[in-house]
Amino acid sequence: RLQGDWSSDVCSSDLKANNIEMTMFMGVVSKKIINAIEKEIESLLHPDKIVHHSFSLIAYRTITDLFPADSNSIVFDVTGEVTDISIIQDDVVVRTASVPFGRNTLVRAIAKEKKANNNIALSLLHLYANENAETKLYTEIDAIVANARSKWKAEIDKIIPELENKIGRAHV
């Protein structure tokens, strides 16, 4: 922001200001840590490729572009292993938090309950999500999903007080 107003052409303008607000979203991890994590992942999962990224900034830009009238929002990004929560206040990401629960957590819960491997569990989840499972299977998966949803919600409930303390209760 320049003097409290949004300006899309700050860099190429001749504007002068006493007050500039900027948000920089950056993740930094040492190469040593990245290599250690990749080595562990490769030893357990043998993936073809490992990609590192941060989706929070992309989600933030997409939400603010889709809903320009709403300058305050909460973005939930449920990925494979975590749920990232971004608090947007006055069109600025003011806080992010992660909950150690994602889609793969649900797949592993189904695999454990059904005594199946993760690929079978993922197929069962797709059958459930598309409402193509037989009634008995649908009911079983529904119970697993309900239990997982309860655990996910409990994890998010732990984060909310922290977010409230950081940005104020009125905005969460």
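Right, let's walk through the structure included here. Please read all numbers here as calculations on a predicted model, not as lab measurements. For every chain, the first residue of the written sequence is number 1, and numbering continues from 1 along that sequence. With pLDDT at 70 or above as the cut-off, local features in this predicted model cover only qualifying residues; side-chain atom pairs require 80 or more to be listed or tallied, and sums for whole chains, interfaces and linings still use all residues. Based on all heavy atoms of the structure, the side-chain values leave hydrogens and waters out of the count.

Once that is clear, we can look at the environment of G102. Runs of E in the DSSP output that reach at least two residues are strands. Runs of H or I that reach at least four are helices, and both are numbered from the N terminus. Looking at where G102 falls in the secondary structure, it is placed in the loop between β3 (92-99) and α3 (103-114). Note: C-alpha distance between G102 and D77 (25 residues apart in sequence) is 9.1 Å. Contacts: residue pairs with any heavy atoms within 4.5 Å of one another. Not counting chain neighbours up to four residues away, the residues in contact with G102 comprise V78, T79, G80, E81 and V82.

Below, the discussion takes up the packing of α3 against helix α4 (residues 118-129). Here α3 crosses α4 at 105°, and the two axes come no closer than 8 Å. Between α3 and α4, the crossing angle belongs to the class labelled roughly perpendicular. Taking contact as the criterion, the partners of R103, L106, V107, R108, I110, A111 and K114 in α3 are, on α4, N118, A121, L122, L124 and L125. Each residue receives one of three labels: charged for Asp, Glu, Lys and Arg, nonpolar for Ala, Val, Leu, Ile, Met, Phe, Trp, Tyr, Cys and Pro, and polar for the others, Gly being one of them. Tallied by class, residues from the contact of α3 with α4 come to eight nonpolar, one polar and three charged. All axes are obtained by fitting lines to C-alpha atoms, using only the stretch in contact for helices, and the reported angles, taken between N-to-C directions, cover 0 to 180 degrees. Roughly parallel covers angles under 35 degrees, roughly antiparallel covers those over 145, roughly perpendicular covers 65 to 115, and oblique covers all other angles.

As a further point, take α3. Compared with the 16 Å implied by 1.5 Å per residue over twelve residues, the 17 Å span of α3 between its first and last C-alpha is a close match. Exposure is judged per residue with a 1.4 Å probe applied to protein chains only, and the accessible area is read against the type maximum: over 50% gives exposed, under 20% gives buried, and values in between give partly exposed. Residues T105, L106, V107, I110 and A111 constitute the buried set of α3. The positive-phi residue at the C-terminal boundary of α3 is K115, with phi of around 50°. Here a helix's expected span is defined as the number of its residues, less one, multiplied by 1.5 Å.

Another point: the pairing of strand β1 (residues 73-78). Whether two strands pair depends on DSSP finding at least two bridges between them. Judged from the six bridges that link them, β1 and strand β2 (residues 83-89) form a sheet pairing that is antiparallel. When the bridges of β2 are listed, D77 appears paired with D84. Joining the antiparallel neighbours β1 and β2 is a turn of four residues.

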